[in-house]
Structures are given as C-alpha cells and as structure tokens.
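Chains, contacts and geometry: an overview
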Amino acid sequence: MAADEENTGSLKQQLAKLFEASLRATVPEELDVEPLIAACNPRFGDYQCNNAMSLWTKIKGKGTEFTGPQPIGRAIMKNLPASEMIESCTIAGPGFVNVVLSKQWIAKSIQKMLIDGIQTWAPKLPVKRAVVDFSSPNIAKEMHVGHLRSTIIGDTLARMLEFSNVEVLRRNHVGDWGTQFGMLIEYLFERFPDWEVISDQAIGDLEAFYKASKQRFDTDPGFKERAQQAVVSLQGGEEKYRKAWAQICEISRRGYERVYQRLGVQLEEKGESFYNPYIPEALEALSNAGLIEESEGARVIFIEGKNIPLIVVKKDGGYNYASTDLTALRYRLNKEKAEWMIYVTDVGQREHFEMFFTAAKRAGWLPADDNMYPKVSHVGFGLVLGEDGKRFRTRSTEVVKLVDLLDEAKSRCKAALIERGKADEWTGEELEKTAEAVGYGAVKYADLKNNRLTNYTFNFDQMLNDKGNTAVYLLYAHARICSIIRKSGKDIEELKKTGKIELAHPDERALGLHLLQFAEIVEEACTNLLPNVLCEYLYNLSEYFTKFYSNCQVVGSAEETSRLLLCEATAVVMRKCFNLLGLVPVYRI
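Labelled according to an unreviewed UniProt entry, the protein appears under the name arginine--tRNA ligase, originating from Davidia involucrata. Quoted verbatim from the Sequence similarities (unreviewed entry) heading of the UniProt record, the comment on the protein is "Belongs to the class-I aminoacyl-tRNA synthetase family." UniProt's Catalytic activity (unreviewed entry) comment on the protein is quoted here verbatim: "tRNA(Arg) + L-arginine + ATP = L-arginyl-tRNA(Arg) + AMP + diphosphate".

**Considerations on the domain arrangement of the protein**
Taken domain by domain, the protein consists of domain 1 (11-101), domain 2 (129-174 + 268-375), domain 3 (179-244) and domain 4 (402-581). Domain 2 and domain 3 are separated by 28 Å when their C-alpha centres are compared. Counting from both sides, the interface comprises four residues of domain 2 and, opposite them, six residues of domain 3. Together domain 2 and domain 3 conceal approximately 540 Å² of surface at their shared face, both sides included; 63% is due to carbon and sulfur atoms. Remark: the boundary between domain 2 and domain 3 carries zero salt bridges. On the surface where domain 2 and domain 3 come into contact, there are one residue pair in polar contact (both at pLDDT 80 or more).

**Quick word on the packing of aromatic side chains**
We describe a pair of aromatic rings using the distance from one ring centre to the other and the angle between the two ring planes. Counting across every chain of the model gives 24 aromatic pairs. A ring pair is formed by Phe 189 and Tyr 241, whose centres lie 5.5 Å apart and whose planes are at 70°; its orientation type is edge-to-face. Of this pair, Phe 189 sits in helix 7 (residues 180-191) while Tyr 241 is found in helix 11 (residues 239-263), placing the two residues 52 residues apart along the sequence. There is no split in this pair, since Phe 189 and Tyr 241 are both buried. Geometrically, the ring pair formed by Trp 340 and Tyr 373 is edge-to-face, given 6.4 Å between the ring centres and 80° between the ring planes. Of this pair, Trp 340 sits in strand 11 (residues 340-346) while Tyr 373 sits in the loop between helix 15 (350-362) and strand 12 (375-381), and the two are 33 residues apart along the sequence. Classification of Trp 340 as buried rests on a relative accessible area of 3%. The aromatic ring of Trp 245 is capped on one face by Arg 242, whose charged end is 5.2 Å from the ring centroid. Over the ring of Trp 340 we find Lys 375; its NZ or CZ atom is 4.9 Å from the centre of that ring.

**Digging into helix 23 (residues 518-527)**
Of all ten residues that make up helix 23, eight are buried, and the element is covered over most of its length. Residues of helix 23 that are buried: Phe 518, Ala 519, Glu 520, Ile 521, Val 522, Glu 523, Ala 525 and Cys 526. Leu 529, located one to two residues past helix 23, shows a positive phi value of around 55°.

**Re the UniProt feature "domain: DALR anticodon binding" (unreviewed entry) in the protein**
According to UniProt, the feature "domain: DALR anticodon binding" (unreviewed entry) maps to residues 474-589 in the numbering used here. End C-alpha to end C-alpha, residues 474-589 measures 12 Å, and it is 73% helix and 0% strand.

**Re the pairing of strand 6 (residues 167-172)**
Among the six residues in strand 6, five count as buried, and that is most of the element. For strand 5 (residues 129-133) and strand 6, the ladder comprises five bridges, and the chain directions are parallel. When the sheet's bridge partners are listed, Val 132 is paired in strand 6 with Arg 170. Taken together, strand 5, helix 6 (residues 145-163) and strand 6 constitute a β-α-β crossover, and its handedness is right-handed. Bridge analysis of strand 6 against strand 7 (residues 268-269) gives two bridges, and the strand direction is parallel. In the sheet register, Asn 172 faces strand 7, and the bridge partner there is Glu 269.

**Things to note about the pattern of salt bridges**
Tallying each qualifying case throughout the model produces 49 salt bridges. Where Asp 220 meets Arg 216, a salt bridge forms, and the shortest distance between an N and an O atom there is 2.6 Å. The partner of Glu 250 in a salt bridge is Arg 254, and the shortest N-O contact between them spans 3.4 Å. With Glu 250 and Arg 254 both in helix 11 and four residues apart, the pair spans about one turn of that helix. Because the salt bridges share partners, they merge into one network encompassing Glu 186, Glu 190, Arg 216, Asp 220 and Arg 226.

**Focus: the side chain of Thr 345**
Looking at where Thr 345 falls in the secondary structure, it is placed in strand 11. Taking the relative accessible area as the measure of exposure, Thr 345 reaches 14% and is therefore buried. Separated by 2.7 Å, the side chains of Thr 345 and His 378 make a polar contact.

About the cut-offs
- Each residue is numbered by its place in its chain's sequence as written, counting from 1.
- With pLDDT at 70 or above as the cut-off, local features in this predicted model cover only qualifying residues; side-chain atom pairs require 80 or more to be listed or tallied, and sums for whole chains, interfaces and linings still use all residues.
- Heavy atoms from the whole structure form the basis of all side-chain values; hydrogens and water molecules are not counted.
- UniProt positions are given in the numbering used here, feature names are shortened, and annotations may be inferred rather than shown by experiment.
- As annotated, the domain borders come from an automatic or database domain assignment.
- Contact between two residues is taken to exist if any of their heavy atoms lie within 4.5 Å; hydrogens are not considered.
- By convention, the term buried area covers the 1.4 Å-probe accessible surface removed from two parts as they join, with the contributions of both added.
- Counted as salt bridges are all cases of a side-chain nitrogen of Lys or Arg within 4 Å of a carboxyl oxygen of Asp or Glu.
- Two N or O atoms count as a polar contact when they lie within 3.5 Å, although within protein this holds only if one can serve as hydrogen donor and the other as acceptor, and sequence-adjacent residues are included solely when both atoms are side-chain atoms.
- Any pair of Phe, Tyr and Trp rings, taking the six-membered ring for Trp, is counted once the centres come within 6.5 Å. Such a pair is stacked with planes under 30 degrees apart, edge-to-face with planes over 60 apart, and tilted for the rest.
- By definition, any uninterrupted DSSP run of H or I lasting at least four residues is a helix, any uninterrupted run of E lasting at least two residues is a strand, and each is numbered from the N terminus.
- Burial classes follow relative accessibility: with a 1.4 Å probe on protein chains only, a residue under 20% of its type's maximum area counts as buried, one over 50% as exposed, and anything between as partly exposed.
- Only Lys NZ and Arg CZ are tested; either one counts as a charge over a ring when it is within 6 Å of the ring centre and within 35 degrees of the ring normal.
- Pairing between strands is defined by DSSP: at least two bridges between them are needed.
- When the strands point away from the viewer, a crossover counts as right-handed if the path from the first strand over the helix to the second runs clockwise.

Structure (structure tokens):
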C-alpha cells in the first residue's frame, strides 16, 4: 500500500516528490525551496527541473560549497532517489535537469489505470469544499446567450472540481427579489383577476409579460404607485403578494429547466430572496468592523483606488446587489463552510466583484493574501458575437432565446445524419440521441475551447464542422476508436487482465506520455479556472492518436493486444474529457 501511495497525484506531482527529496539532500538548510517542474522541449527530454538558477541566487553569498548554478544542477541530479519512473537525466545550460521517463513505467501506469479506473488519475487539490455560483438568470426574463456562457463554463468548472474530489455546491443565484416584482405582481392582478387558478399558457411568454408591465409602470402614474406599494407588501410578507411572487418564480423556473435539461446541467437554486433575511446581520458585522459610512443619504463602503464607493443600503433604505452578495459570501463562509467561492459572470461585472471582495478582506472575512484559503475568484467571460461582429441577436434585434438556439443545433445535426443515410441504419431513438449529443455538444465545445476572457463568434457552420477543433470531429474520433476495438473481435475487458502494453514505436510512446499528462492538465484547468486548457489537451490527444494509428497497424499486427489496449486507454481518457466538458460520447457514426 505504501508504494501505491507514493504513486498518487499527477505525473508532475510525482516527479516533484522525487526532486523535493533531492533538494532536501542538496541544500538541507534551505527548507522553503519548492521543486520547479515543467514539461520541456521533446528534443531534450520529457520534463525539466528548473531550480538551479534561483537556488544559486539564494545561496551564493552564504559560504556555500557550490560555485555556480550548473554544479547545483549536477548535485540535484546526483541526489535524486532511485525510481522506476526515470530512465535517464542530463544537465543542460545553467543547471537545468532534463528527465526522460521510462517507457516501461509509462506503460505500467496506463495499464494500472485501465484496471483501477480513470478516477485514480484525479488530481489532488488543496481544497475540500467549493461553491460555484453560475448561470443565475433573472426571474421573468428569458435565458439568452450570455447565460449560456455562464451555464456552460460554470458546469465544466464544477465537473472538473468534482472529479478532483472537491465537494461542489452548485449555486443558481437567481434574481428573484427586488423592485421589479411590484410591477409584475400588480400587472398579474390587473390582467388576471383569477390569477390563482390560471395556467402558464394563459400568462404566455414571460418576457412579453415583463415588457408589458414595464410599459404600464413607465406610462401610468397610478399603476406605478400601486406597483411600489406591492413591493412593500411583498417584502412585508403579505400572503397574497408572496403567493403571486412564488407563482411568477415557478413559471420562470420551468422555462430555465428546459435549458438545463437540454444541457444536462444540475444546479441548486439559492436566489437573492434566500439571503434577504440575513442581510441586516451581515451589514451589522460590516458596521462593527468600521467599514460602513454615510454618504449622500446612502450607506456605503469606500474602497481604496476606486472613484465610487460600494453602496450597501440605498437612499430609500432598500438593499442592492452589493448587500446581497456580501451576505451570500458570509453565509457561504460561515454556514456552508466553503473554502473557495467561484463566481461565473461576464467580464463587465469585474469591478463590482473586485470591490465587494476587497470589502470582505477589509472586514477580516477573507485573508489578505489571495493565495490563502478561504478565497474568492471571479471567472469573467467575454461576449457572444454574431457574424457581423456585434452582440449576437436575432433579426428583430431581440436577444436570441437559448432554447431555440439549442433546438436548432440539434435539428441541423439530425438533418446531416439523415442526409448520410443514418435514418435507415439506426432506430429513431438512436438518431435523436446522437443528434442531441452532437448538436448540444457542438454549442458547448465552441464556447469552451476559447479562452473565456475573449469574445467569440457564434457560427453554426463552424461549430458543426466535422473537421478541425470541433466537438463533432472529436466525438467522431472517439466513435472511430470504438469501432477499431469492435472490429478486432477481441474482448477488451479480458485483454485488460491478460494483455500487456509495450511502447516500442516512438508514436506509441508519445501517445502514452500524453495520456499520462491528463491529471496535471485537469489540475491546471482547475487552478486557473480555464476550461480551454482541457479542450486543447483533448484535441491534441486526438492528433497524437491519429499519428499513432497512421504509423502503427493495430488489428492483425504482432502487437495487436498492446495496441488495442492503447486504443482503449485513449477512448477512456477521451470519455472523461467529454464528461468534464459536459459532452455525451458517441459510440457509432
């Protein structure tokens, strides 16, 4: 068991452990030196330890026996504990230690994963419980393309953290409280005197309902007054108003569920209304910490370096985003005991988050050092653009409804499959399921493969292309690997127990090494909150596989067993990548 424990963590973490032991032996007096391990130029090796230069700078005035960085590098290499992982080491330049991994060890590690499962390749993160706050639409408004990005990115971050054994609280912080409810409730009473028994269909499109009530609010002073009074009645807990509010929220919720069901996204709703009762005590805590000041009739927190203060109580005594967000953060820290709070919204809200994070640090709720836990992160993302380079809208300048967009992706995929004669080969259910997997997957992947901070152009033709870095290409690549295994006629489960992987050909070794780097890629994507890092890995994996398959005959070769196991390992890692990105794999094309 002890030997197995030594071999946990990503490839990079395992190498770091070896170099840590060497650094302790090389410079025993420098206890705070962390091993610096990075992948290196394939001409020199697989990985590199880069500590020599910085160590030399640290110790050169301290009467050390070393005369420069290269002798330090040589000592680090000499003091490395013996390990089956490493085939050879060399020194380059000013003390870089280049490492070539043993291909027997790479093969053995892949084989072990095939038997014990991909979960054994989960990275180890320094956090046990995280909140991912994402999607968060507003009640009575349609979900649009902006919510698509938050929902897809948030879901993938949650999936990667869950895979890394972090308990994730997936939170849908919906906008279900505030002054707009006065006008919605009043309009509901006016349009439908029997509002308690009417159906969703009678109210119809909530977005249109919202616009009509807003128009009344803006043009009819009597209605406006009643709407403002309705807010007071709602916030005072009057039953008739609470019931009407709950009904409007429920209709909205059913609309969102249609989107979440298509995207396969799980969320737990804790909206603004949930935190409302906790606001007074949160503000009291901030006030006791000396943070809240009076300014022009409002209560505010001044933030250094910002021209405008963070308003926590408006002039009319009402609360706002800042009061709710600070309260939610306090609840997540104290009641839910989360160590990492991750907020997924568009980059336009960056300043709001910077300000309320700073306020929480000043209040002593969070450590001043951003690298310490508990910590907060704002995951910003850019706009979705149309092909004209402007914000993505329909012809009528309306924002595009998300359900329509997803349905169109599915129907285009279905049409393409029918055109390829699949309607005759497959059952109706198989056709539907494949069209959904590929259509919804294409929309998700087109978003996730970009660095989230950039704007991206929404283009069906590009995302549904079966060539290049698209979900369609990758899902089909996986199906082709499954078909190779099927055509061999061999029982792959049996081969896992009896067969052995050999990485004799350079393309076999290159594929094997890339497979083994999966854990550190997931770790990097989680640490930096960047799903595109995983997309790039997945696309490169399919490229490594193509090269291997072009140059190494699988079925009918002397190495068939080993190569089929390598095919299976590739398919397993691809499926886990799909799972983390929220894509459903396809097994036949």
